[in-house]
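The residues making up each chain are set out below.
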Amino acid sequence: MFRLLIGFLGFLFSLGSVAGLIVAAGVGVYISQLSDGLPSVNVLRNYEPPVMTRIHAADGSLVAEYARERRLFLPIQAIPVRIRDAFLSAEDSGFYTHSGIDPQAIIRALVTNLKNRGSNSRPVGASTITQQVAKNFLLTNEVSYERKVKEAILSLRIEAAFTKDEILERYLNEIYLGLGAYGVAAAALVYFDKSVHELTLAEAAYLAALPKAPNNYHPFREPERAIERRNWVLERMLLDGIITPEEHRAAVAEPLRVKPRARSQFLFASEYFAEEVRRELIELYGEESLYGGGLSVRTSLDPQLQEIARSALMDGLKRIDVQRTGWRGPIEELEVAPGEDWGPVIATVPRLADVPEWRVAVVLSVDRDEAIIGLQPEREVWGELSTDRERGRILTDDIAWRKGDRAGGERYRGMSRVGDFLQPGDAIYVEKSPEGDDRWTLRQIPKIQGAILAMDPHTGRVLALMGGFSYAASEFNRATQALRQPGSSFKPFVYAAALDNGYTPSSIILDAPIEIVSGREVWRPKNYGGKFAGPSTLRVGVERSRNVMTVRLAKDMGMPLVAEYAQRFGIYDDLGLYLPMALGAGETTVKRLVGAYAIIANGGQRLEPTLIDRIQDRHGRTVFKHDKRRCDGCNATAWNHQEQPTVVDEREYVLDPMTAFQITSIMEGVVQRGTATRVKALGKPVAGKTGTTNEEKDAWFIGFTPDLVAGVFIGYDDPKPMGRGATGGQLAAPIFLEFMQGALAGKPGVDFRPPEGIKLIPVDRISGRQVSGSGPNVILEAFKPGTAPGDTFSIIGLNDNEPSRRVTRESERAVLSGTGGLY
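Our subject in this report is the structure included herewith. Predicted, not measured: the structure shown is a model, and the values here were computed from it. (Residues numbered from 1 in each chain as written. Predicted model: local features only at pLDDT ≥ 70, side-chain atom pairs only at ≥ 80, totals over all residues. Heavy atoms only, no water.)

A word on the sheet that holds strand β1 (residues 53-56)
For step 1, the next point in the chain: Strand order in this open sheet of 5 strands is β2-β1-β5-β20-β21, and the pairing throughout is mixed. The open sheet is flanked by β2 (62-66) and β21 (622-625), the only strands paired with a single partner. Strand after strand, the sheet turns through a mean of 15 degrees between neighbouring axes, direction not considered.
For step 2, the next point in the chain: The pairing of β1 with β2 spans 4 bridges and is classified as antiparallel. Counted as the bridge partner of Thr53 is Tyr66 from β2.
For step 3, the next point in the chain: Docked against the sheet, helix α11 (residues 271-285) engages β1, β2, β5 (296-299), β20 (612-616) and β21, running at close to 50 degrees with respect to β20. (Pairing = 2+ DSSP bridges. Helix = DSSP H or I, 4+ residues; strand = E, 2+ residues; numbered from the N terminus. Axes fitted to C-alpha atoms, helices over the stretch in contact; angles between N-to-C directions. Contact = heavy atoms within 4.5 Å.)

Description of empty space enclosed by the protein
For step 1, the next point in the chain: Applying the stated criterion to the full structure yields 2 cavities of 30 Å³ or more.
For step 2, the next point in the chain: In this model, the largest cavity occupies a volume close to 60 Å³.
For step 3, the next point in the chain: Lining of the largest cavity is provided by Lys318, Asp321, Val322, Trp358, Ala400, Trp401, Leu442, Arg443, Gln444 and Pro446.
For step 4, the next point in the chain: Those elements giving two or more residues to the lining of the largest cavity turn out to be α13 (303-324) and β13 (440-443).
For step 5, the next point in the chain: If one sorts the elements of the lining of the largest cavity by residue count, α13 sits on top with 3 residues.
For step 6, the next point in the chain: Taken together, the residues of the lining of the largest cavity break down into 6 nonpolar, 1 polar and 3 charged.
For step 7, the next point in the chain: Here the second largest cavity is characterised by a volume of approximately 50 Å³. (1 Å grid on protein atoms, 1.4 Å probe; cavity = no way out; pocket = protein on both sides within 12 Å on 5 of 7 lines; lining within 4 Å. Points joined across faces, edges and corners; volume = space filled by probe spheres on them. Nonpolar A, V, L, I, M, F, W, Y, C, P; charged D, E, K, R; others polar.)

Topic: the nonpolar core
For step 1, the next point in the chain: If you look at the biggest cluster of nonpolar residues, it comprises 141 residues, and the most contacted ones within it are Leu553, Phe569, Ile714 and Phe739.
For step 2, the next point in the chain: In contact with Phe569, other than residues within four places in its own chain, are Phe493, Ala596, Ile599, Ile600, Val654 and Leu655.
For step 3, the next point in the chain: Core analysis: the next-biggest nonpolar cluster, separate from the first, contains 58 residues, Phe87, Ile167, Ala188 and Tyr217 among them. (Core = buried A, V, L, I, M, F, W, Y, C linked by side-chain atoms within 4.5 Å. Buried < 20%, exposed > 50% of the residue type's maximum accessible area, 1.4 Å probe, protein only.)

Overview of helix α21 (residues 657-673)
For step 1, the next point in the chain: Helix length check: α21 (17 residues) gives 24 Å between terminal C-alpha atoms against 24 Å at 1.5 Å per residue, within 8%.
For step 2, the next point in the chain: For α21, the buried fraction is high: 13 of the 17 residues fall into the buried class. (Expected span 1.5 Å × (residues − 1).)

Notes on the side chain of Ser470
For step 1, the next point in the chain: Its location among the elements puts Ser470 in the loop between β15 (462-466) and α16 (491-499).
For step 2, the next point in the chain: By relative accessible area, which is 2% here, Ser470 ends up buried.
For step 3, the next point in the chain: Within polar-contact distance, the side chain of Ser470 engages the side chain of Asp354 at 2.8 Å.
For step 4, the next point in the chain: A polar contact is formed between the side chain of Ser470 and the backbone nitrogen of Ala473, at a distance of 3.2 Å.
For step 5, the next point in the chain: Sequence-distant contacts of Ser470, that is, excluding residues within four places in its chain, are made with Tyr272, Leu352, Asp354 and Val355. (Polar contact = N/O pair within 3.5 Å; in protein donor to acceptor, adjacent residues only side chain to side chain.)

Focus on the packing of aromatic side chains
For step 1, the next point in the chain: The full count for this structure, using the stated rule, is 20 aromatic pairs.
For step 2, the next point in the chain: Here a set of aromatic residues connected by ring pairs shows up, and it is made of Phe490, Phe493, Phe569, Tyr572 and Tyr597.
For step 3, the next point in the chain: The aromatic ring of Phe95 is capped on one face by Lys164, whose charged end is 4.5 Å from the ring centroid.
For step 4, the next point in the chain: Over the face of the ring belonging to Tyr528 we find Arg724, whose NZ or CZ atom lies 4.9 Å from the ring centre. (Phe/Tyr/Trp six-rings, centres within 6.5 Å; stacked < 30°, edge-to-face > 60°. Lys NZ or Arg CZ within 6 Å of the ring centre and 35° of its normal.)

Here's the deal with the pattern of salt bridges
For step 1, the next point in the chain: This model, assessed by the stated rule, comprises 50 salt bridges.
For step 2, the next point in the chain: A salt bridge links Arg68 to Glu288; the shortest N-O distance between them is 3.5 Å. Taken together, the residues Arg68 in the loop between β2 and β3 (70-71) and Glu288 in helix α12 (residues 287-292) connect sequence positions 220 residues apart. Neither residue differs from the other here; Arg68 and Glu288 are each classed as exposed.
For step 3, the next point in the chain: A salt bridge links Glu203 to Lys194, with the shortest nitrogen-to-oxygen separation between them at 3.1 Å.
For step 4, the next point in the chain: Among the charged side chains, a salt-bridge network with shared partners connects Arg539, Glu543, Arg673, Arg765 and Glu781. (Salt bridge = Lys/Arg side-chain N within 4 Å of Asp/Glu carboxyl O.)

Notes on the layout of surface pockets
Gaps left between atoms show up when a probe the size of a water molecule is rolled over them.
For step 1, the next point in the chain: For the second largest pocket, the calculated volume is near 920 Å³.
For step 2, the next point in the chain: In terms of lining, the second largest pocket is formed by 38 residues, of which the most central are Ser488, Asn527, Tyr528, Asn547 and Thr692.
For step 3, the next point in the chain: The set of elements that each furnish at least two residues to the lining of the second largest pocket consists of β22 (687-692) and α22 (728-743).
For step 4, the next point in the chain: For the lining of the second largest pocket, a count of residues per class yields 9 nonpolar, 20 polar and 9 charged.

Here's the deal with helix α2 (residues 81-91)
For step 1, the next point in the chain: Burial analysis of α2 places 8 of its 11 residues in the buried class, which makes it a mostly covered element.
For step 2, the next point in the chain: Three or more residues of α2 are buried, namely Ile83, Arg84, Ala86, Phe87, Leu88, Ser89, Ala90 and Glu91.
For step 3, the next point in the chain: Its buried side turned inward, α2 meets α4 (129-138), α6 (164-174), α7 (184-192), α8 (201-208) and α9 (223-239).

Set out below in structure tokens:
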């Protein structure tokens, strides 16, 4: 009997062994089949995750970030040990001892899942950090045992191919931690507005609490659960011996001080500039590199000048809006019942994020001289509407307009009372009034728009750029995208071409009626104001912006020469060979025109306008640099009594430096006694030119000092007349002046430096004749060697069908009187 029992047990053991071998073989075949289709772990070898591109101003201030996944890559050595420890305690305390999988954790998870079988509970995982890396990089988020097997196989392979630090580095940079943040570096900025090195123990523990389910521990929607989970991580760190009981108690007692990084953390007023840089980066490298390439872009933006430019443009556009357009009615009309909480109603009206001085308000009641308004409530740190309600008043004195209209196009004139402008339910923009705590000034987005751009004339670096009143209201960049006629602001390049080809500042040009016949068409150009001055010097033609003189000069030179110089300066690519083009009838941009003036300010030497100084890739390698000057000795590692390095500037000259000084001197006259005398208030040497197109559709002023050039454009987006007197001198020049006053405050004036060889000779600026002594019209005129005024001169255009006629200075009076008294 005993032998039978022993034999039966032996049979069962043999049967079990065979069955075990069969099962093991089956498992082996199953794993082999799964293994064959698995991706290679070498994908992790060249790990380059999508990293956000960051754009910085010239002083290092953050201008913008661009990413589909907000991530900043940090090598493992740059991640503080405390953050590493927090994640290891929370996710995988045995990370540095296991081989990629944790058998004990797998058994615990298996038992738990068997107990929960049949319920709606999500299966419990037992993933190590290595397994999470395998899933995140090589597999999907599918919930199945098959995926877990694949995960385990890949984990063993990863452990064999990579060091523990390499695995942890990839995990801490790849993991999603909520609020759009990928990796610990981005999460530290997004949640706490800090670098990883600035995080407290409690803050590091909170980030380590997030990988499993960031939304479950949202700091504002689920604050209690967030703190509970953070404290659990701290408890794990205590049990692992990473922190002391004292550190644990202090961290648990710390409130959850989450401070999301808002858009306002970026450089103020930089939206137009940043968007232009973004477009250039896409053109250079494509969208993938911009949104995932981790580029570091250092721009030319000067934050101080940018704020000055913003203030000058906005002040000017508000002033123009009041003077020329009138009140156009509310943003929209809302329904607010008496006694109703206006907060949720007015909260639906978007505010201008880049005009923080303005608030949105709703009119609650109106009488003859006063309106009571309810201000749009502020939002709490995570978007919730504040329960605080603030009222204010608008008095008649708080409204600048005295004409306007309401919806439907009905026009009102002689508006003088608050009730003429506002009605209950009107949603409006308001700005705090200096007249009282509860007083507010009525505002509206200007209809007439504009742009301002400032540049370093020696390098072409764009220092400030505003493409409109508000980027939030209109993203269209009028400094770089708007093609507009420059009008008379193009004239200096016509006259520069003349000065570069034998003409002088004292050359005489006839300012009298002229007819240009082309087929059946007859063009009769006129001066602004309709008057003519007779024979006048080339200088006066620029100072007084004489259209007819410019046409005669272009006709005398030939339009091909004008077109050649326009292309040299980068204003136009292919200027039509028609005389109206000499008056700025072609279309160009503010950026191109300011760049052309910068060449004159730079002594005629070519430069390329740029918003970008340098671009580095994710590894810190410089892949783009604007400054192309050569410096052979600048990279010396030590000083061995060698000569001081010399920077070699190989940029070509597009204009003779003496010509550049001559036209600069003439444009100084534009400011001193010409069409831009408003700018004289700057009190420093400055040159420039106004520009006004037909029917006052475009108004310009471009000007410069020896070290700063700036241009202002004003006009409707859909070109149409702005009204009589809407000239460059009236609209654009005051904005230029305000900008320059701010930009040059506290800096001494610097004279324009004449180049070697130029001769400064006293002349009468009206007649061009050389004089001695002084007088109201005597100036020091710049002449090239051998071109000083002589006893005879030519009058360009005296007879438009014959060559220029030469007369003596003595007979000048007779010539002028013989022109028929038109002047």
